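Here is what each chain is made of, one letter per residue.
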Amino acid sequence: MEGRGKTRVQLLEELRELRQQRATLEEGTTAEVREKLVRLGSFPEYNPDPVIELDLDGNLTYLNPLAQQRFPDLPAAGLHHPMLSGLPSMLRPLQEGQTEALLREIAVGEFVYEQKVIYLCESALVRIYAHDITERKRAEAAVRSSEERFHAIFEHSNDAIFLIDPAKDEIIDINSKACRLLGYTRKQLLSLPISAVHPHEMSKLREFAQAVFAEGRGWTDELKCLTSTSQVLPAEISASVVDLAGRRCIIALVRDLTERERAEQILADEVKARYNYEEIVGKSAALQEVLGQVELVAATDTSVLLLGETGTGKELICRAIHHASARRSESLVKLNCAAIPSGLIESELFGHERGAFTGAISQKRGRFELAHGGTIFLDEIGDIPLETQPKLLRLLQEREFERVGGTRTIEVDVRVIAATHRDLGRMVEEGTFRRDLFYRLNVFPISLPPLRERREDILALAKYFAHRIGSRLGYPPCEISEAARERLLAYAWPGNVRELENIIERALILCRGRTIDRQHILVEIDPVAPAEARVRSLEEVEKEHILAALRAAGGRVSGRGGAAEMLGLKPTTLESRMKKLGLRPEGR
């Protein structure tokens, strides 16, 4: 260190003196002289790094001034000093004649040194040059840490990330989400050209790339991607320009829009449904009573439970309530609980977080979130799994829930209208439906009459369906003959309004849009009840009612889907009535 303050002239003068000493020492022949000659020849005193010399037995023979300053404890510690750690194992190869330099890194305190160990044949000494690389190692660690952070962000992003070179139609790099999104392995996806991912929109993709290069910063558009299974995937792409080793490339964040389009579809087809009063046809007293109840409850936010057989028009009544309420400008979201597998019903109702279960590759909003501010219609509520009922009860009570796999509490303002053809009271007694949930849903029950109890509406409904379905099929307006009307009135209609609609559609196709006649009404009329009998005894009506239920249930009295369940009776009660009326279980 003391040589660093000397002038160039002084150093040159000392160098001349050293050369003179060398010339004088060259005349000697002792080992000590040869050692001095070697040292003088390399001038370790002026080396900018610490220099250490040892003999082959590990004894220190020389420390240059910088080594003395950096390692003052080295002479006392000897081979136990961190700077000389592991050195004995390196001496043996040197003793055996190995002369090439050995490189290694040694940490001493908070400093890191790159050691260069060489063997001086002339003096049989080992010389160590210790180059301080602490700052370089810190810089490398900082770069490595930055790379690791970038890699973590890159790999764990919720969006698929593509690094592409549009000019070469090349995918340079992708993250794991990109592979999962398109269904490829990393190797497969990197081997594909960009055109294989966007085969249907290459011209649009080229325009998009030109816009990104022209703008130089973020640019967003919607494109379609093709997955490994040839599924067309709607996606939103946000891209920016990056320079990569002289290449102008694009880094693109790709977001799957399938869930968004699903939500928009729900909001378009179900959520934004607007009620048309013309869809509820009829002037019977039973129907007018139902509509009166609709008017009463619509102005409130009370939960409504619609009860009635399948096909009685529960969804139409739900729409009527929503349309007449203060929420009419908001969403009406429908979910048929019987149509969703029990393992997925909770996800459909409340949504799920990414990774909540196998196949949950992205976050999904549930129907309750989509219905926020509006109304949700839970059709076939009796089919909701028992294990999901507590979470639904909590939502009805607290107006809050968590998504499947989530911890964040979400608050919603939703009016609930539920519907079922089941006897929920009996299900409560059997333990298949929670009592407290039943009470929460059954605040304002509305019972929808079956079509056989509003027979005066049958012909009006038939005429309405003939006109509406005929327009859809492209048929001119057609009439319903007197014989066909009599047949319609004579039938028990176990499938209610929905069955009537289907029968009229079939009749229109059979008559080819002309007059609907008796032979076009394909229903089985009970011969016991004459077609012209418009007024029958109570016993006859009850017998016809039970026979219709037995036919619809395939002759089964009890059990799920049995006649007793359809009629809302206990199996023992129904069997007692059948015995009194002389009816057998097979319905004959």
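Scroll up to find the structure.
Residues numbered from 1 in each chain as written. Predicted model: local features only at pLDDT ≥ 70, side-chain atom pairs only at ≥ 80, totals over all residues. Heavy atoms only, no water.

**Notes on helix 10 (residues 202–215)**
Here helix 10 contains 14 residues, and its C-alpha end-to-end distance of 20 Å stays within 8% of the 20 Å for a straight helix at 1.5 Å per residue. Taken together, the buried positions of helix 10 are occupied by Leu-205, Phe-208, Ala-209, Ala-211 and Val-212. One side of helix 10 carries all its buried residues, which in axial view fall inside an arc of 160°. Looking at helix 10, the residues exposed on the side facing more than 90 degrees away from the buried face are Glu-207, Gln-210 and Ala-214. (Helix = DSSP H or I, 4+ residues; strand = E, 2+ residues; numbered from the N terminus. Expected span 1.5 Å × (residues − 1). Buried < 20%, exposed > 50% of the residue type's maximum accessible area, 1.4 Å probe, protein only. Arc of directions from axis to C-beta.)

**Brief notes about the packing of helix 19 (residues 458–473) against helix 20 (residues 482–490)**
Across the interface, helix 19 lies against helix 20 with an axial gap of 10 Å and an inter-helix angle of 120°. Overall, the two elements helix 19 and helix 20 adopt an arrangement that is oblique. Regarding helix 19 and helix 20, the two cross each other, and that crossing is right-handed. Contacts between helix 19 and helix 20 involve Ile-458, Leu-459 and Ala-462 on the former and, on the latter, Arg-485, Leu-488 and Leu-489. In terms of residue class, the contact of helix 19 with helix 20 is made up of 5 nonpolar, no polar and 1 charged. (Axes fitted to C-alpha atoms, helices over the stretch in contact; angles between N-to-C directions. Parallel < 35°, antiparallel > 145°, perpendicular 65-115°, else oblique. Left-handed = near helix turned anticlockwise from the far one by under 90°. Contact = heavy atoms within 4.5 Å. Nonpolar A, V, L, I, M, F, W, Y, C, P; charged D, E, K, R; others polar.)

**What about the pairing of strand 1 (residues 51–55)?**
Here strand 1 lies mainly inside the structure; 5 of its 5 residues are buried. Where burial is concerned, the two faces of strand 1 agree: the one with Val-51, Glu-53 and Asp-55 and the one with Ile-52 and Leu-54 are both buried. Sheet analysis places strand 1 next to strand 5 (residues 125–132), joined by 5 bridges and oriented antiparallel. Its bridge partner lying in strand 5, Leu-54 is registered against Val-126. Taken together, the 3 bridges between strand 1 and strand 2 (residues 60–63) define a ladder with antiparallel strand orientation. Paired with Ile-52 across the strands is Leu-63, a residue of strand 2. If you look at the hairpin formed by strand 1 and strand 2, you'll find 4 residues sitting between the two strands, and Gly-58 has a positive phi there, around 90°. (Pairing = 2+ DSSP bridges.)

All quantities given are derived from atomic positions and should not be read as evidence of function.
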